[in-house]
Amino acid sequence: MLAAHNNARSNVSPKPCTPLVDLTWSSTLASVAQTYTNRCIFDHNGNRKTDAGSAFARRTVGENLYISVASTVGGPWGLDTDADDVVASWDNEKYDYNFTTNTCKPAKVCGHYTQLVWSSTTQVGCGAKMCMTADTTGHSFNPTRFPLAYLVTCNYADAQGRQQPYKLTTTCPPTTTSSPTTTPAPVTTPPPATRTPAPSSLQQSTGNDTTVAGQSSAPSTHSPRLFMAICLAGLVPLILTASL
C-alpha cells in the first residue's frame with residue numbers, strides 16, 4: 001500500500017516544482033484506520049484526528065475510502081482487494097481534475113487524487129477488512145447495505161487543503177546565481193631597509209621559534225531526506241470512493 005502511494009506521487013503530471021516526498025507509514029494512523037474500518041461502515045470517520053491522539057494534535061488528518069462489493073454471499077467474486085488497484089482508483093481521478101482551475105469535471109470526484117498527491121502530506125496509515133455486511137447509508141447507495149464488501153480506509157497527515165496540491169515547475173521561484181566578487185589585493189609598502197651588523201665572534205645568533213596553529217573543522221551534518229469497484233458479481237464494475 002505504501003509503495004503504491006509513493007509510485008503515484010513520483011509519477012504526477014504535470015510535473016511539480018520539486019519532486020513530491022515519499023510518504024512514510026504511520027502505525028498510529030494505520031491503527032485508527034483499522035479500528036474504524038472494522039465497523040464495516042463506508043463513511044468518513046469524523047473523529048479521526050481525535051482518535052490519532054496527542055501526536056497529531058497540531059496536524060490535520062485526511063482520509064480516503066474505498067469499497068469493492070459483491071451482490072451475493074458465497075465468495076469474493078468481483079471483489080478487488082489488490083493494494084495497487086485501490087490506490088489506482090484514487091489516482092485515476094486525475095483525468096477528471098483540471099490543475100489550472102483546481103476543479104473537477106462536472107459530476108465527477110477528484111478529491112481522493114488531490115489528497116494522494118498533496119505536497120505537504122508526509123505520512124499515511126491504512127486499514128482494510130472483508131465485511132459480511134457493509135453499511136453504505138452515508139453515501140446514499142442503493143441498496144444501503146451490501147452482503148459482502150471489501151473496505152479500505154487510509155488516513156493522511158497532513159490533510160489536503162483547498163488550493164492546488166503542489167506547485168508547478170512554471171511557478172517555481174526564480175533561481176538566482178550571484179557572481180563571485182573579487183577583492184583587490186592590498187597594496188603593501190615594503191619596510192625600509194635596515195642594516196644589521198654581522199655578529200661578532202662573541203655574539204650568539206638567536207634562532208626563530210615558529211608555531212604553526214592547527215586547523216580544525218566542525219563535522220559536517222546532513223539533514224535526513226526527509227478504488228471501489230462495486231463489482232456486482234458478473235456485472236460491470238463501478239468505482240466508488242470517498243475522500244475528506
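Quick caveat, the model's predicted, so the values are computed rather than measured.

Asks: So, helix α4 (residues 83-91): which residues are in play, and what are the values?
Replies: Listed as buried for α4 are Val-86, Val-87, Ser-89, Trp-90 and Asp-91. You can read the cap of α4 off the contacts: a side-chain oxygen lies 3.0 Å from the backbone nitrogen of Asp-84, and it is on Asp-82.

Asks: Can you break down the pattern of salt bridges residue by residue, with the values?
Replies: Following the criterion strictly, the structure yields 3 salt bridges and no others. Across the pair Arg-48 and Glu-63 runs a salt bridge, and its minimum N-O distance is 3.8 Å. On the criterion of sequence distance, the pair formed by Arg-48 in helix α3 (residues 48-52) and Glu-63 in strand β2 (residues 61-70) is long-range, its members being 15 residues apart. Under the relative-accessibility criterion, Glu-63 is labelled buried at 0%. The salt bridge involving Arg-59 is made with Asp-158; its shortest N-O contact spans 3.3 Å. One end of the pair, Arg-59, is in the loop between α3 and β2; the other, Asp-158, is in the loop between β8 (148-157) and β9 (241-243), and 99 residues separate them in sequence.

Asks: Can you tell me about the packing of helix α1 (residues 2-10) against α4, naming the residues and giving the values?
Replies: Packing of α1 against α4 leaves a shortest axis separation of 8 Å and a crossing angle of 35°. In this structure, α1 crosses over α4, and the sense of that crossing is right-handed. Seen from α1, the contacting residues are Ala-4, His-5 and Ala-8; seen from α4, they are Ala-83, Asp-84, Val-87, Trp-90 and Asp-91.

Asks: Just give me the short version of the environment of Asn-64, but keep the residues and values in it.
Replies: Mapped onto the fold, Asn-64 is located in strand β2. Once the C-alpha coordinates of Asn-64 and Cys-154 are considered, the two residues, 90 residues apart in sequence, prove to be 5.3 Å apart. Reaching out from Asn-64, the side chain makes a polar contact with the backbone oxygen of His-112 at a distance of 3.2 Å.

How each quantity is defined
Residues numbered from 1 in each chain as written. Predicted model: local features only at pLDDT ≥ 70, side-chain atom pairs only at ≥ 80, totals over all residues. Heavy atoms only, no water. Buried < 20%, exposed > 50% of the residue type's maximum accessible area, 1.4 Å probe, protein only. Helix = DSSP H or I, 4+ residues; strand = E, 2+ residues; numbered from the N terminus. Polar contact = N/O pair within 3.5 Å; in protein donor to acceptor, adjacent residues only side chain to side chain. Salt bridge = Lys/Arg side-chain N within 4 Å of Asp/Glu carboxyl O. Axes fitted to C-alpha atoms, helices over the stretch in contact; angles between N-to-C directions. Left-handed = near helix turned anticlockwise from the far one by under 90°. Contact = heavy atoms within 4.5 Å.

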